[in-house]
Amino acid sequence: MKTDILIVGSGCSGLYAVLNLPEELDIMLITKSDFESSDSFLAQGGMCTLKDPSDYDSFFEDTLKAGHYENDQKSVEIMIKSSPDVVKDLVKYGVSFTRDENGDFVYTREGAHAHHRILFHEDITSHLLDAVKKLKNVRMYEYTTLLDILCDGSKCCGGIIRWPDGREEQVEADYVILATGGIGGTYKHSTNFKH
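Starting afresh in each chain, residues are numbered from 1 along the sequence in its written order. The model is predicted, so local features are restricted to residues of pLDDT at least 70 and side-chain atom pairs to those at 80 or more, both for listing and for counting; the totals for chains, interfaces and linings are taken over all residues. As a convention, hydrogens and water are excluded, and side-chain values are obtained from all of the structure's heavy atoms.

A. Representation of the sheet that holds strand β5 (residues 118–120). Pairing between two strands requires that DSSP report at least two bridges joining them. Secondary structure is summarised from DSSP: a helix means a run of H or I of at least four residues, a strand means a run of E of at least two, and numbering begins at the N terminus for each. Spatially, the three strands line up as an open sheet ordered β3-β5-β4, and their pairing is antiparallel. The open sheet is flanked by β3 (46–48) and β4 (107–108), the only strands paired with a single partner. As judged from the three bridges shared by β3 and β5, these two strands associate in the antiparallel manner. What sits directly across from methionine 47, in β5, is leucine 119. Residue contacts are counted whenever heavy atoms from the two residues lie within 4.5 Å of one another. Axes here refer to lines fitted to C-alpha atoms; in helices the fit is confined to the stretch in contact. Angles between the N-to-C directions go from 0 to 180 degrees. Running over the sheet, helix α4 (residues 73–92) touches β3 and β5 and is turned about 150 degrees from β3.

B. Examining the pattern of salt bridges more closely. By definition here, a salt bridge exists when the distance from a side-chain nitrogen of Lys or Arg to a carboxyl oxygen of Asp or Glu is within 4 Å. Summed over all chains, the structure comprises eight salt bridges. Between aspartate 62 and arginine 117 there is a salt bridge; the shortest N-O distance is 2.7 Å. Within this pair, whereas aspartate 62 is found in helix α3 (residues 56–66), its partner arginine 117 is found in the loop between β4 and β5, the two being separated by 55 residues in sequence. The buried label applies to any residue whose accessible area, calculated with a 1.4 Å probe on protein chains only, is under 20% of its type's maximum; exposed applies above 50%, and partly exposed to all values in between. Aspartate 62 sits in the buried class, given a relative accessible area of 10%. On the basis of relative accessible area, arginine 117 is assigned to the buried category, the value being 0%. Glutamate 169 is paired through a salt bridge with arginine 167; the nearest N and O atoms lie 3.9 Å apart.

C. Structural context of the sheet that holds strand β9 (residues 168–178). An order of β6-β2-β1-β9-β8-β7 is seen for the six strands of this open sheet, with the pairing classed as mixed. The open sheet has two free edges, formed respectively by β6 (138–141) and β7 (145–152), since each of these has just one partner strand. With direction set aside, neighbouring strand axes in the sheet form an average angle of 40 degrees. Examined bridge by bridge, β7 and strand β8 (residues 155–162) share seven bridges and lie antiparallel to one another. When the bridges of β8 are listed, aspartate 152 appears paired with lysine 155. Strand contacts of helix α1 (residues 12–19): β1 (2–8), β2 (27–30), β6 and β9, with the helix running at about 145 degrees to β1, the strand carrying the most contacts.

Written as structure tokens, this is what we have:
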């Protein structure tokens with residue numbers, strides 16, 4: 001089997017990746033359970049965003065502190081600075097963040113944040129999933145597991161997958177995106193799905 005891009009994982013990251021790729025590419029999206037059983041569906045529907053440039057330093061420090069200062073600082077910078085554009089994209093895909101009577105976004109505060117910078121909505125992920133399902137260039141497979149990645153030298157060139165019926169197959173891909181989520185399932189106590 002061949003595809004331009006193999007995406008492993010159907011939570012917010014995998015779905016958002018699909019929505020930001022050119023529609024002329026053939027994309028294969030797999031998930032080892034059903035599409036609604038990702039930790040993204042368990043999330044509260046909130047996301048941090050830079051409301052205003054004056055909050056950048058505080059946001060940056062809060063993020064580093066939450067990561068015990070082990071964060072990659074360039075990645076933190078990119079995440080914070082790109083967050084307003086991500087919000088615009090999510091609104092475009094149908095996410096209706098909570099707004100006040102004037103139509104302005106309502107922000108809340110969550111753990112590790114010194115200021116109110118969390119936009120929220122009861123279900124971001126389902127809007128992204130609905131948008132991906134409308135795309136004609138995406139083949140979506142539930143209960144399909146990535147067993148191993150294929151490499152040609154130092155370049156990843158696909159993966160070995162297991163279909164729901166137990167068959168194994170090689171998938172050749174120009175690019176592979178691992179959007180497999182957190183590691184909560186490795187811990188004895190976690191609110192994440194065990195898979």
